[in-house]
Amino acid sequence: MRETILSVGIDIGTSTTQLIFSNITIENMASNFTVPRIVIVDKEVIYRSNIAFTPIIENNKIDQSLIQRFVEEEYRKAGIRKEDTQTGAVIITGETARKENAEEVLNALSGFAGEFVVATAGPDLESIIAAKGAGISEYSADNSATVVNLDIGGGTSNLAVLHRGEVIDTGCLDIGGRLIKVHRTNKTIEYISPKIQQMIEQKGWNIQVGQQATEALLQPVVDEMVQLLKQSVGVQEKSAFYETIITHKGLKDHKQITHISFTGGVADAFYHGAAGDVFIYGDIGIMLGQALAKSKLAELFTIVKPKETIRATVVGAGSHTTEISGSTIFYTDTIFPIKNIPVLKLTSAEEQIDESMIATAIKEKVTWFESEGDRQNIAVSLQGKKNAKFQEVQTIAAGIAKGMEESIQAGYPLIVIVENDMAKALGQALQSLVGKHHNIVCIDSIQVENGDYIDIGHPVAEGSVLPVVIKTLVFH
Amino acid sequence: MVNETELKSLIENILQDMVGKQEQQPEQVQEEVVAQATAEATTTASTTCTVASDACLPDITKVDVKTELLVDEPYDQEGYLQMKQKTPARIGVGRAGARFKTATSVRFRADHAAAQDAVFSYVDEDFVKKNGFTAVETMCANKDEYITRPDFGRQFSEEMKQEIKAACGTPQVQIVIGDGLSSAAVEANIEDILPAIKQGLQMHNINVDNVLFVKHCRVPAMDVIGEVTNSDVVCLLIGERPGLVTAESMSAYIAYKPTVDMPEARRTVISNIHSGGTTPVEAGAHIADLIKKMLDKKASGLDLK
């Protein structure tokens, strides 16, 4: 049994907006004599859009109608109808995520692009998606290496450290190619971002909006950016300005890193260099890429060539956001797709095989999610127990049912995400407690954290698995 | 020479010393006791050989081979261990000259012994009684006959058939447990898999009350039970031929209206049910759904696809 799911990825970045379609193939890898084990066996990008500039209008807003027109046009060119897409993600990244109407545009667009196209935002997710989209995850697994990927776009540099295929750390810096904009014909400086302005002032450089841009004039800024990036991967002592340039957090530990790769628009200038006008894109992206190539970074680490550079994030959004649940799961039908459900995760200390302990922990945490007395729909997440006994499953189920009783009474579906393989038995136990007519979704083999959101799509593979997108929704 | 009583009192003394050390794990305490007792015994009888009859060596079968790397100075220890996580095969065992290390060869023999025990031992009668199963047996007189005459393991005497009929009646779904080639599998899994199946079926208003336990059971014995009880679905949970990875693996053979001499293709099989494979509770929940599907589609095995 092989089945192909069509997925769309849309990336609305600081400088560019892109779209891709990819085919995700799933297959039952188990023999006929065991329970099914359905896994993703292949991901293939089947269509790549033009790379368009992200349309920004007055008042620091994104031009939603222009983006919708772009998306519509690309669907038409690809010959794909919106109804055909089964999954996918729209990600709003870099500086664009800070625009006033970012959330509004994102939600409108995810609905516009297809029924189960999910809205995502957040610097950590962006770092992970870019690294996966560039094939760095496979590289680090195949070569048993620890790779740091720097996705340097227009507004931010998203860092992800991958160790043997697993993401172990992420970070984000406000460094990008489009933080200084230059007029394409008369070469005057049109824009300097606030943090770069601060840097210029601190250093006492004479660089202002309206001035004629030359390579010599802007070289100190670009070199300083490179210094900060070096600091971010731990090859140089951190300066005072490092804390300022961090978006929300930097990398924690750099000792293990042996390899480095670059993605994002700036990466092309790093890997291929560039001839001619450095301001051809109306920004300092090419200068930054060239400065990185000359920097010590290339000597201190083994350079990895990513599969994607400028398209890493969009490929990641289209091909690497959708996971599939374990194959022995429990759900009642007709409630899919479920979108934007916040995750309530129990800590391992709270997660004892003890009904009242689980119930109390859940009840306490549920209050975190109550915004203005509005009871939200919440997914309860726990690690579960490896090879749990039947009685233990009953106890956990009773704890969850009790902890979520108010939400159950309010008629919300009971959504439970468990890491270890026990969802079918747990779901059955829950059903026997809350009754046959209450909607329940209980899935396993999915790892989530507090602060994550989950989207669950229509069942695939003859109903045996559910497509799941774990994501963040962070707007600055 | 320290005799048994002396050694016992030694251990008692040490245990009393340790009452205050409650934070310690019981195994730890035990280990320490044995170590101390041995040490003291050795000092009191330094020239003679000591027999510590109550002491025991650590159980080598408790070591998880997936986390045990025996290669000396591995080039990439983390990578090796990661590889070992993916397979129960005995890789990364190192060597002593051209041979296995002692730990590997002893473990191999221990696992082999467990496999043999699983075949040649019987499911405890108390276990059958405690769970309220109706105990019946095939035509095999003993284990030897069970091993050498597979045909007897799939037949019941007329009296037995009457007994089965009396005990079961004609339920919609008949659950049968068979010792098969691993009694250890039955005792390890049944108490988790059976309630999971029952709970799943109850959701569909299907009750399974009378569970049969068949001694000296081969898979096709379920066909006879199907004919005798006239059930729609018979589900046989049977111990699998043990291997060196586990002796506790169980299979479920499920068929819609099984009949004697029916094609094997009519059986649906869920194998590899044990703590390291498909866990018994998940397998049970899955089997319940499978049985419901068979009842709805009136088919099993390849016909169910």
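Per an unreviewed UniProt entry, chain B is named Ethanolamine ammonia-lyase small subunit, and its organism is Pontibacillus litoralis JSM 072002. One UniProt comment on chain B, placed under Pathway (unreviewed entry), says "Amine and polyamine degradation; ethanolamine degradation." The Subcellular location (unreviewed entry) field of the UniProt record for chain B holds the comment "Bacterial microcompartment".

As annotated in an unreviewed UniProt entry, chain A carries the name Ethanolamine ammonia lyase and is attributed to Pontibacillus litoralis JSM 072002.

A.B. asks: Before we go on, may I ask you to explain the pattern of salt bridges in this structure?
C.D. replies: Pairing of side chains with opposite charge becomes possible as their charged atoms draw close. All names here are of chain A. Under the criterion given, the structure shown has 35 salt bridges over all chains. Residue Glu 95 is joined to Arg 98 by a salt bridge in which the shortest nitrogen-to-oxygen separation is 3.9 Å. Residue class for Glu 95 comes out buried when judged on its relative accessible area of 15%. Between Glu 392 and Lys 385 there is a salt bridge; the shortest N-O distance is 3.1 Å.

A.B. asks: Whenever I open this one, the pairing of strand β19 (residues 379-382) of chain A confuses me. Can you help?
C.D. replies: Remark: a regular strand shows side chains that alternate across the two faces of the sheet. All names here are of chain A. The alternating pattern of β19 places Ala 379 and Ser 381 on one face and Val 380 and Leu 382 on the opposite face, and all of these are buried. Where strand β18 (residues 338-345) meets β19, 3 bridges bridge the pair, whose relative direction is parallel. Note on β19: the bridge partner recorded for Leu 344 is Val 380. One ladder, built from 4 bridges, connects β19 with strand β20 (residues 414-418); its direction is parallel. From the neighbouring strand, Ala 379 faces β20, where its bridge partner is Ile 415.

A.B. asks: Is there a simple way to explain the packing of aromatic side chains in this structure?
C.D. replies: Pairs of aromatic rings are described using the distance from one ring centre to the other and the angle between the two planes. All names here are of chain A. Going through the model one piece at a time under the given rule, you end up with 5 aromatic pairs over all chains. Measuring from ring centre to ring centre gives 5.0 Å for Phe 21 and Tyr 75, while their planes differ by 85 degrees; the resulting arrangement is edge-to-face. Of this pair, Phe 21 sits in strand β2 (residues 16-28) while Tyr 75 is found in helix α1 (residues 64-78), placing the two residues 54 residues apart along the sequence. Accessibility assignment for this pair places Phe 21 and Tyr 75 in one class, buried. On the basis of an interplanar angle of 40 degrees and a centroid distance of 4.2 Å, the ring pair of Phe 262 and Phe 270 is categorised as tilted. For the pair Phe 262 and Phe 270, a shared accessibility class is recorded, and that class is buried. Linked through ring pairs, Phe 21, Tyr 47 and Tyr 75 together constitute an aromatic cluster.

A.B. asks: So what exactly am I meant to see when it comes to the packing of α1 of chain A against helix α2 (residues 102-113) of chain A here?
C.D. replies: A pair of packed helices can be characterised by two numbers: the angle between their axes and the separation between those axes. Residue and element names in this part refer to chain A. The interhelical angle for the contact between α1 and α2, taken along N-to-C directions, is 25 degrees, at an axis separation of 11 Å. Classified by the angle their axes make, α1 and α2 are roughly parallel. As for the relative orientation of α1 and α2, their crossing is right-handed in sense. Residues Gln 64, Ile 67, Gln 68, Val 71, Glu 72 and Tyr 75 of α1 pack against Glu 104, Val 105, Ala 108, Leu 109, Phe 112 and Ala 113 of α2. For the contact of α1 with α2, a count of residues per class yields 8 nonpolar, 2 polar and 2 charged.

A.B. asks: Any chance you could explain the environment of Met 404 of chain A here in plain terms?
C.D. replies: Residue and element names in this part refer to chain A. Within the secondary structure, Met 404 is located in the loop between α13 (390-403) and α14 (405-409). Residue classification places Met 404 among the buried residues on the basis of a relative accessible area of 1%. In sequence terms Met 404 and Gly 122 are 282 residues apart; their C-alpha atoms lie 28 Å from each other. Ignoring any residue separated from it by four or fewer positions in sequence, one finds Met 404 in contact with Ile 362, Val 366, Ile 378, Val 380 and Leu 414.

A.B. asks: What exactly am I supposed to notice about the interface of chain A and chain B here?
C.D. replies: Many analyses report the size of an interface as the accessible area lost when the parts associate. With 26 residues of chain A at the interface, the matching set in chain B holds 27 residues. Regarding the contact of chain A and chain B, the summed buried area is about 2,300 Å², with carbon and sulfur atoms giving 51% of it. Summed over the three residues of chain A that lose the most area to chain B, namely Arg 164, Phe 390 and Gln 428 of chain A, the buried surface amounts to 29% of that side. Remark: the boundary between chain A and chain B carries 4 salt bridges. Close ionic contact of Asp 76 of chain B with Arg 164 of chain A constitutes a salt bridge, the shortest N to O distance being 2.8 Å. Applying the counting criterion to the chain A and chain B interface returns 17 residue pairs in polar contact (both at pLDDT 80 or more). Looking at the side of chain A that touches chain B, the element that brings in the most residues is helix α15 (residues 423-434) of chain A, giving 7 residues. Looking at the side of chain A that touches chain B residue by residue, the classes come out as 10 nonpolar, 10 polar and 6 charged.

Procedures and definitions
- Residue numbers here run from 1 along each chain, matching the order of that chain's written sequence.
- Chains and ligands are labelled by the order in which they are written, letters from A for the one and numbers from 1 for the other.
- Local features in a predicted model are, by the rule used here, given only for residues with pLDDT of at least 70; side-chain atom pairs are given and counted only at 80 or more, and totals for whole chains, interfaces and linings are based on all residues.
- Hydrogen atoms and water are omitted, and side-chain values are computed over all heavy atoms in the structure.
- UniProt positions are given in the numbering used here, feature names are shortened, and annotations may be inferred rather than shown by experiment.
- Any carboxyl oxygen of Asp or Glu within 4 Å of a side-chain nitrogen of Lys or Arg constitutes a salt bridge here.
- Burial status follows relative accessibility: with a 1.4 Å probe on protein chains alone, a residue under 20% of its type maximum counts as buried, one over 50% as exposed, and anything between as partly exposed.
- For helices the rule is a DSSP run of H or I covering at least 4 residues; for strands it is a run of E covering at least 2, with both sets numbered from the N terminus onward.
- Any two strands with at least two DSSP bridges between them are considered paired.
- Note on aromatic contacts: the rings of Phe and Tyr and the six-membered ring of Trp form a pair at centre separations within 6.5 Å, being stacked when their planes are under 30 degrees apart, edge-to-face when over 60 apart, and tilted otherwise.
- Helix axes are fitted to C-alpha atoms over the stretch in contact, other axes to C-alpha atoms as well, and angles between N-to-C directions run from 0 to 180 degrees.
- Angle categories are assigned with fixed cut-offs, so that under 35 degrees is roughly parallel, over 145 is roughly antiparallel, 65 to 115 is roughly perpendicular, and the rest are oblique.
- Each crossing gets its handedness from the near helix: less than a right angle anticlockwise from the far helix is left-handed, clockwise is right-handed.
- The contact criterion used throughout is that any non-hydrogen atoms of two residues lie within 4.5 Å.
- Residue type decides the class: Asp, Glu, Lys and Arg count as charged, Ala, Val, Leu, Ile, Met, Phe, Trp, Tyr, Cys and Pro as nonpolar, and the leftover types, Gly among them, as polar.
- Two parts lose some accessible area (1.4 Å probe) when they are put together, and adding that loss for both gives the buried area.
- Identification of polar contacts relies on pairs of N or O atoms within 3.5 Å, with a donor-acceptor requirement for protein atoms, meaning one able to donate a hydrogen and the other able to accept it, and with residues adjacent in sequence counted only if both atoms are side-chain atoms.

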